[in-house]
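The residues making up each chain are set out below.
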Amino acid sequence: MSDQKFRVESDLLGELKVPADALYGVQTQRGINNYHISRKKMRDYPDYVIAIAYVKLAAVQTNHTLGVINDEVAGAISQACREIIDGKWHENFPIDMMQGGAGTSVNMNANEVIANRALEIMGHEKGDYQYCLPNDHCNCGQSTNDVYPTTIRLALIRMNKSLVASLTGLISALRYKAEEFRDIIKMGRTQLQDAVPMTSGQEFNAYANNLEEEILNLERNVKLLHEINMGGTAIGTGLNAVPGFAKLCAANLSKLTGEAFVSAADLVEATPDTGAYVSYSSALKRLAVKVSKMCNDLRLMASGPRCGLNEINLPPKAPGSSIMPGKVNPVIPEVVNQVCFKVIGNDTTVTFAAEAGQLQLNVMEPVITEALIESLLWMKNAIDTLTEECVLGITVNKERCFEMVKNSIGIVTALNPYIGYKTCTKVAKEALDTNRSVYDIVLEKKLMSQEELDAALDPKNMLNPHSFKVK
């Protein structure tokens, strides 16, 4: 038999046993009993736990300033919050990320942990709530309906910084490769058909520039998360919050976190509004689409080694087959592709959950939270993996790339200004039909002198705009 000890706590629904050493209380225990859905717990995401501790700290500072909570209780609650911010007691946040109740279990989990830790700080036993109550003190002037969305916003802001740092690392790796490959001539392609020459350096630099746009887009959209509804309490009317709470709490939270939080102009409007999540999720989706497209390109350029493009080599990471000896698959781009698909799917979840709110509250915020946090974490990890395990180790098969340029029909495009589009079309068709080079056919038909042709078809002269006159 288990020798675990319990204490008994009670709420609206009656009495319930809680582990004696737990900082959480009866409502958290009900959440533990009720929700076995994602098996991902609040404690698994430190930024999320830290975020709600910051929100509770800002709230108690506000209540203390406004004369609602006395010095001793405010001091103990503040210390408890700061300990959680410093990484302590996170194991006491065991609530499943997927839950009903619009986040009430999360809010009460925080209230109970903070209250019980505050009791210990003041020299009392856990559960001796006459000295510090989860609802009356830790949740004073608050509701789940303003605490929970504010917590989500802060957690996403914190996690976005980590994502941007990882994305910056990937961009730097791509620029490093762009410089390394700047003189390697290859064939550009459109619609998977030969187009015109370029360099591998131009290609990798384009990937870097393309992703740099996403940093700006993420930062634009994360600004929307800085508007909060603290002080709106249940539906935005501010019931049970004292005058001045909303703006002062936003100011306190800003000072504590270094983020520019502002109190929403209309708290009734802001309480059910999930538009900021929709916009930020869309930014994550856009990033995922671009990263996935780049991974598609890497896999295509590395296809082969004998029967594909074989322009680049990806670092070999694992034997590729249980039946085909010697096969090595592009496993890193493949796993990143799959992460991107998940992020795109999560954006659809956020969209439907945002639409599903009714009247003065959107009760679907838990799934929005889970989807966004998962997307942020997975995307960051995928980008780190792509950078470290793939991009930095890419090499180019220079001779293979140049051979394809020399044999391409696509270089005839460079002759348009000299012999005209119609004549170029005939040359291209004849080259295809006879399996001869564009170069030989142009000279044979005396369409250009050899000197003119050499200059026009020098791949290096086709990499940038140049002056010419149409005949």
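Scroll up to find the structure.
What counts and what doesn't
- Residues numbered from 1 in each chain as written.
- Predicted model: local features only at pLDDT ≥ 70, side-chain atom pairs only at ≥ 80, totals over all residues.
- Heavy atoms only, no water.
- Salt bridge = Lys/Arg side-chain N within 4 Å of Asp/Glu carboxyl O.
- Helix = DSSP H or I, 4+ residues; strand = E, 2+ residues; numbered from the N terminus.
- Buried < 20%, exposed > 50% of the residue type's maximum accessible area, 1.4 Å probe, protein only.
- Phe/Tyr/Trp six-rings, centres within 6.5 Å; stacked < 30°, edge-to-face > 60°.
- Lys NZ or Arg CZ within 6 Å of the ring centre and 35° of its normal.
- 1 Å grid on protein atoms, 1.4 Å probe; cavity = no way out; pocket = protein on both sides within 12 Å on 5 of 7 lines; lining within 4 Å.
- Points joined across faces, edges and corners; volume = space filled by probe spheres on them.
- Nonpolar A, V, L, I, M, F, W, Y, C, P; charged D, E, K, R; others polar.
- Contact = heavy atoms within 4.5 Å.
- Axes fitted to C-alpha atoms, helices over the stretch in contact; angles between N-to-C directions.
- Parallel < 35°, antiparallel > 145°, perpendicular 65-115°, else oblique.
- Left-handed = near helix turned anticlockwise from the far one by under 90°.
- Pairing = 2+ DSSP bridges.
- Disulfide = S-S within 2.5 Å.
- Core = buried A, V, L, I, M, F, W, Y, C linked by side-chain atoms within 4.5 Å.
- Arc of directions from axis to C-beta.

Caption draft 1: Structural detail: the pattern of salt bridges. For the structure on display, the rule yields 29 salt bridges. Residue E370 pairs with K40 through a salt bridge whose shortest N-O separation is 2.6 Å. You can see E370 sitting in helix α12 (residues 365-389) and its partner K40 sitting in the loop between α1 (26-34) and α2 (46-65), a full 330 residues away along the chain. Residue classification places K40 among the partly exposed residues on the basis of a relative accessible area of 22%. R175 is the partner of E212 in a salt bridge, and the nearest nitrogen-oxygen pair spans 2.8 Å. In this pair, E212 is assigned in helix α7 (residues 200-222) and R175 in helix α6 (residues 144-180), connecting sequence segments 37 residues apart.

Caption draft 2: Examining the packing of aromatic side chains more closely. Under the counting rule described, the total for this entry stands at 2 aromatic pairs. A ring pair is formed by F181 and F204, whose centres lie 5.4 Å apart and whose planes are at 75 degrees; its orientation type is edge-to-face. Here the residue F181 occupies a position in the loop between α6 and β3 (185-190), and F204 occupies one in helix α7, the gap between them amounting to 23 residues. The class for F181 is buried, based on a relative accessible area of 2%. F204 sits in the buried class, given a relative accessible area of 0%. In this structure an aromatic cluster arises from ring pairing among F181, F204 and Y207. Of note, K17 hangs over the ring of F6, and the distance from its end group to the ring centre comes to 5.8 Å. Across the ring face of W378, the terminal group of K342 is positioned such that the distance to the ring centre comes to 5.2 Å.

Caption draft 3: Here's a closer look at the layout of surface pockets. Within this model, the largest pocket holds a volume of roughly 440 Å³. Considering the residues around the largest pocket, the lining is formed by 22 residues, among which A302, G304, V328, N329 and P330 are closest to the centre. For the lining of the largest pocket, the secondary-structure elements that each account for two or more residues are α10 (275-301), β7 (312-313) and α11 (331-355). Among the elements that take part in the lining of the largest pocket, α11 stands out by supplying 3 residues, more than any other. Its residues assigned to classes, the lining of the largest pocket comprises 13 nonpolar, 6 polar and 3 charged. Estimates place the volume of the second largest pocket at around 340 Å³. Lining of the second largest pocket is provided by 18 residues; of these, R189, E203, Y207, K293 and D297 occupy positions nearest its centre. Sorting the residues of the lining of the second largest pocket by element identifies β3, β4 (193-199), α7 and α10 as the ones contributing at least two each. In terms of residue count, β3 provides more of the lining of the second largest pocket than any other element does, 5 residues in total. Among the residues making up the lining of the second largest pocket, the classes are represented as 9 nonpolar, 4 polar and 5 charged.

Caption draft 4: Local environment of the environment of I368. Positionally, I368 belongs in helix α12. Of the residues examined, I368 reaches a relative accessible area of 0% and is grouped as buried. Along the primary structure I368 and W89 are separated by 279 residues, whereas in three dimensions their C-alpha atoms are 25 Å apart. Leave out the neighbours within four places in its chain, and I368 touches T274, Y277, V350, A353 and A354.

Caption draft 5: Expanded view of unusual backbone geometry. Cis rather than trans, the peptide bond between G304 and P305 has omega equal to 10 degrees. One can find P305 in the loop between α10 and β7. Of note, Q191 is a non-glycine position whose phi angle comes to about 55 degrees, a positive value. Tracing the backbone through its elements, the reader meets Q191 in the loop between β3 and β4. Taking relative accessible area as the criterion, Q191 reaches 74% and is therefore assigned exposed.

Caption draft 6: Main features of the packing of α6 against α10. Their axes nearest at 12 Å, the elements α6 and α10 cross at an angle of 20 degrees. Classed by the angle they form, the pair α6 and α10 counts as roughly parallel. Crossing of α6 over α10 shows left-handed handedness. For the pair formed by α6 and α10, the contact residues are P149, I152, R153, L156, N160, L163, L167, L170 and L174 on the first element and A276, Y277, Y280, L284, L287 and M294 on the second. Among the residues making up the contact of α6 with α10, the classes are represented as 13 nonpolar, 1 polar and 1 charged.

Caption draft 7: A look at the environment of M294. Of note, M294 is situated in helix α10. Exposure remark for M294: the relative accessible area of 2% places this residue in the buried category. Beyond its immediate chain neighbours, meaning those up to four positions away, M294 contacts L170, L174, Y207, L211 and L386.

Caption draft 8: Expanded view of the pairing of β3. Summarising the sheet, β3 and β4 pair through 5 bridges and their orientation is antiparallel. By the bridge assignment for β4, K186 is matched with M198. What sits between β3 and β4 in their antiparallel hairpin is a turn of 2 residues, with Q191 showing a positive phi close to 55 degrees.

Caption draft 9: Focus on the state of the cysteines. A complete count under the given rule lists 0 disulfides for this structure. Looking at C249, it has no disulfide partner, and the nearest cysteine sulfur is the one in C140, 11 Å off. The thiol of C307 is unpaired, and the distance to the nearest cysteine sulfur, on C401, comes to 17 Å. A relative accessible area of 81% places C307 in the exposed class.

Caption draft 10: Local environment of the nonpolar core. Formed by 111 residues in total, the largest nonpolar core has its most connected members in M379 and L386. Per-element tally for this core: the top contributor is α6, with 16 residues. Setting aside residues up to four positions removed in sequence, M379 forms contacts with L163, L287, A288, V291, V339, C340 and V343.

Caption draft 11: Summary view of helix α17 (residues 450-457). For α17, the complete set of buried residues consists of L453, A456 and L457. Seen from one end, α17 has its buried residues packed into an arc of 85 degrees, which puts them on one side.

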